[in-house]
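Summary of the model geometry
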Amino acid sequence: AAELALALELCPPERVVFDSPAKTHRELEWALQTGVILHIDSLQELERVIALDPEPSSAVGIRINPSLGMGTIADTSTAVAGSKFGIDLHAHRAAIVDALVQYPWLRGLHVHVGSQGCELDQLVAGARAVDELSQEVAARGKALDWLDLGGGLPVAYRESDTVRTFAELAQVLEHAL
């Protein structure tokens, strides 16, 4: 909630993305009322949003967990089976697609494979997962408004670490997708 409040002081709501694996009832209400972009992290949270506002005017998306495996730093790897971050794509693919098609206010997909210790190929695999999922949704008659490839590039902890750039990531993504 504190991060959301700070973000709203600095940016208009439509430029703020609110995502957390443990949103409270009050935080969900606040996000829906302020008009920030809200990413849903579980099927239970989807049910809570529907109960709060069956037709939210806010931009709402689903965060998926592509279950790609761990990066080199276990504590910052979020794309592993059983992670609290996002809905497991392998276990709940049909439910995710059905929800995206059923609810017009579900307008996007988000993926974030980890904060550090993830190579470009893992970031690309996460992007590929949301791209393929969006194509599946499109085949059922709905075009999504956004694909959010969240997170960032790893930092170099040692002089021997390779520093990646956003230009390099963009080039790899363009080639892969």
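That block above? That's the structure.
Predicted model, so just to flag it, every value in this text is computed and none were measured. Position labels on residues start from 1 in each chain and follow its written sequence. The predicted nature of this model means local features are confined to residues of pLDDT at least 70 and side-chain atom pairs, given and counted, to a pLDDT of 80 or more, with totals for whole chains, interfaces and linings taken over all residues. Hydrogens and waters are ignored; side-chain quantities use all the structure's heavy atoms.

**Notes on the packing of aromatic side chains**
The test is simple: Stacked, edge-to-face and tilted are the three classes for Phe, Tyr and Trp ring pairs, Trp counted by its six-membered ring, which pair at centre distances within 6.5 Å; planes under 30 degrees apart are stacked, over 60 edge-to-face, the rest tilted. Under the scheme applied here, a residue whose accessible area is under 20% of the maximum for its type counts as buried, over 50% as exposed, and between as partly exposed, the area being computed with a 1.4 Å probe on protein chains only.
Within this structure, the stated rule accounts for one aromatic pair. Where Tyr103 meets Trp105, the ring centres are 5.2 Å apart and the plane angle is 40°; that geometry is what we call tilted. With respect to class, Tyr103 is no different from Trp105; both count as buried.

**With respect to the pairing of strand β3 (residues 60–65)**
Here is the key point about a regular strand: its side chains alternate between the two faces of the sheet. How we decide: In this description a helix means any DSSP run of H or I spanning at least four residues, a strand means any run of E spanning at least two, and both kinds are numbered starting from the N terminus. By the criterion used throughout, a crossover qualifies as right-handed when its path from the first strand across the helix to the second strand runs clockwise, the strands pointing away from the viewer. A pair of strands is labelled paired if DSSP reports no fewer than 2 bridges between them.
Across the six residues that make up β3, a large majority, six, are buried. With burial as the criterion, each face of β3 is covered, one bearing Val60, Ile62 and Ile64 and the other bearing Gly61, Arg63 and Asn65. Handedness of the crossover is the feature at issue here: the chain leaves strand β2 (residues 37–40), passes through helix α3 (residues 43–52), returns alongside β3, and the resulting connection is right-handed. Pairing geometry for β3 and strand β5 (residues 106–111), over five bridges, is parallel. For Ile64, the partnering residue across the bridge sits in β5 and is Val111.

**Some thoughts on the side chain of His39**
Selection rule: A 3.5 Å cut-off defines polar contacts: any pair of N or O atoms within that distance qualifies, except that in protein one atom must be a possible hydrogen donor and the other a possible acceptor, and neighbouring residues in sequence count only when both atoms are side-chain atoms. By the convention used here, residues are in contact when the closest approach between their heavy atoms is within 4.5 Å.
Tracing the chain through its elements places His39 in strand β2. Separated by 3.5 Å, the side chains of His39 and Trp146 make a polar contact. Ignoring any residue separated from it by four or fewer positions in sequence, one finds His39 in contact with Val17, Phe18, Asp19, Lys23, Glu45, Gly61, His110, Trp146 and Asp148.

**Quick word on α3**
Selection rule: The arc in question is traced by the directions running from the helix axis to the C-beta atoms.
Those residues of α3 that fall on the buried side of the exposure criterion are Glu45, Leu46 and Val49. Buried residues of α3, seen end-on, are gathered within an arc of 105° and therefore sit on one face of the element. Opposite the buried face of α3, by more than 90 degrees, sit the exposed residues Gln44, Glu47 and Ala51. Close packing links the buried residues of α3 with α2 (25–34), β2, α4 (89–102) and β5.

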